[in-house]
Amino acid sequence: MLVILSGVAGAGKDTIKKELIKRMENVESLPSYTSRPIREGDVEGGTYHFISKEEFEKMIEKEEFYEYDIHHNQYYGTSRKLLNDKIKSGKIIVKDIDVNGTEHLKELLGNDTKVVTIFLRVPKEELKHRLENRIDKPSPQEIILRLNRFDYEESRINLYDYVLKNNDLEKTVQIIMTIIENEMRLEQEQKTECNKI
């Protein structure tokens with residue numbers, strides 16, 4: 001099962017992902033590949049797989065990504081091989097992807113992989129406050145870029161199975177854990193029904 005978390009930068013996706021991995025068995029992250037520079041606190045293969053723009057473009061040519069996009073002039077993409085390997089291992093994969101990537105993955109995987117999509121909403125003013133107070137302090141230009149993307153991301157929330165307001169971390173994590181448990185139970189019931197036919 002693939003659980004997609006979306007929402008603008010600063011919506012809390014990474015924090016929630018870490019909490020889910022800590023608290024739930026069989027839940028793993030699937031880091032994207034990116035061409036963006038490594039920042040303080042980043043872990044190669046943990047936060048992202050960091051490669052150069054040239055390497056990223058070679059991977060695009062070889063069709064090694066399920067989806068990729070450009071954000072703030074940097075590439076981000078989901079590896080076909082890594083995702084397929086984790087799905088085969090029976091893991092629940094939690095991945096944060098933007099709205100365009102979500103649409104592509106739903107189309108590509110929807111028929112043979114259970115994809116659960118969750119959008120995290122944050123009021124624009126709260127988002128601005130979070131971005132300004134991040135440890136990896138974005139530049140004023142980067143904050144403007146991210147806030148400009150807010151309306152576009154919000155306009156695509158009809159793509160998602162669940163839309164949650166993330167103004168209380170603990171409550172949000174508990175709700176998402178319940179969603180994952182319910183979706184797993186539904187998936188098991190569907191498999192049982194199919195086996196009976």
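Up top is the structure these notes are about.
First, a word on what this report is: a plain description of the structure on this page. (Residues numbered from 1 in each chain as written. Predicted model: local features only at pLDDT ≥ 70, side-chain atom pairs only at ≥ 80, totals over all residues. Heavy atoms only, no water.)

Quick look at a negative patch on the surface
- A cluster of acidic side chains, namely Glu54, Glu55, Glu57 and Glu61, defines a negative patch on the protein surface.
- Judged by its relative accessible area of 66%, glutamate 61 falls in the exposed class. (Patch = residues over 30% accessible without salt bridge, like charges linked within 9 Å, V, L, I, M, F, W, Y side chains within 5 Å. Areas by Shrake-Rupley, 256 points an atom, 1.4 Å probe, with all protein chains shown as cover. Salt bridge = Lys/Arg side-chain N within 4 Å of Asp/Glu carboxyl O. Lys, Arg positive; Asp, Glu negative; His and termini not counted. Charge placed at Lys NZ, Arg CZ, Asp CG, Glu CD. Buried < 20%, exposed > 50% of the residue type's maximum accessible area, 1.4 Å probe, protein only.)

Re the side chain of aspartate 96
- You can see aspartate 96 is positioned in strand 7 (residues 92-96).
- Separated by 2.7 Å, the side chains of aspartate 96 and lysine 17 make a polar contact.
- Apart from the residues within four sequence positions on either side, aspartate 96 is in contact with Leu5, Lys13 and Lys17. (Helix = DSSP H or I, 4+ residues; strand = E, 2+ residues; numbered from the N terminus. Polar contact = N/O pair within 3.5 Å; in protein donor to acceptor, adjacent residues only side chain to side chain. Contact = heavy atoms within 4.5 Å.)

Some thoughts on the sheet that holds strand 1 (residues 2-6)
- Taking strand neighbours across the sheet as the criterion, the five strands line up as 2-7-1-8-9 in an open arrangement whose pairing is parallel. Since the sheet does not close on itself, it has two edges, and those belong to strand 2 (27-29) and strand 9 (162-165), each with one partner. Across the sheet, the axes of successive neighbouring strands diverge by a mean angle of 25°, strand direction being ignored.
- Strands in contact with helix 3 (residues 80-88) are strand 1, strand 2 and strand 7; relative to strand 7, the strand with the most contacts, it is inclined by about 150°.
- Docked against the sheet, helix 4 (residues 99-109) engages strand 1 and strand 8 (115-121), running at close to 160° with respect to strand 1. (Pairing = 2+ DSSP bridges. Axes fitted to C-alpha atoms, helices over the stretch in contact; angles between N-to-C directions.)

A look at the packing of aromatic side chains
- Applying the stated criterion across every chain yields a total of nine aromatic pairs.
- Aromatic pair tyrosine 33 and phenylalanine 65: ring centres 6.0 Å apart, planes at 70°, arrangement edge-to-face. Taken as a pair, tyrosine 33 in strand 3 (residues 33-34) and phenylalanine 65 in strand 5 (residues 65-71) lie far apart in primary sequence, 32 residues in all.
- Following the ring pairs from residue to residue traces out a cluster consisting of Tyr33, Phe56, Phe65, Tyr68 and Tyr75. (Phe/Tyr/Trp six-rings, centres within 6.5 Å; stacked < 30°, edge-to-face > 60°.)

So, the environment of glutamate 189
- Here glutamate 189 shows up in helix 7 (residues 169-196).
- By relative accessible area, which is 43% here, glutamate 189 ends up partly exposed.
- Distance in space between the C-alpha atoms of glutamate 189 and isoleucine 38 is 43 Å, their sequence separation being 151 residues.

Concerning the pairing of strand 8
- The element strand 8 is extensively covered by neighbouring structure, given that six of its seven residues are classed as buried.
- Where strand 1 meets strand 8, five bridges bridge the pair, whose relative direction is parallel. Bridging from a neighbouring strand, leucine 5 pairs with isoleucine 118 of strand 8.
- Where strand 8 and strand 9 come together, four bridges link them in parallel fashion. Residue pairing across strands places isoleucine 118 opposite tyrosine 162, the latter belonging to strand 9.

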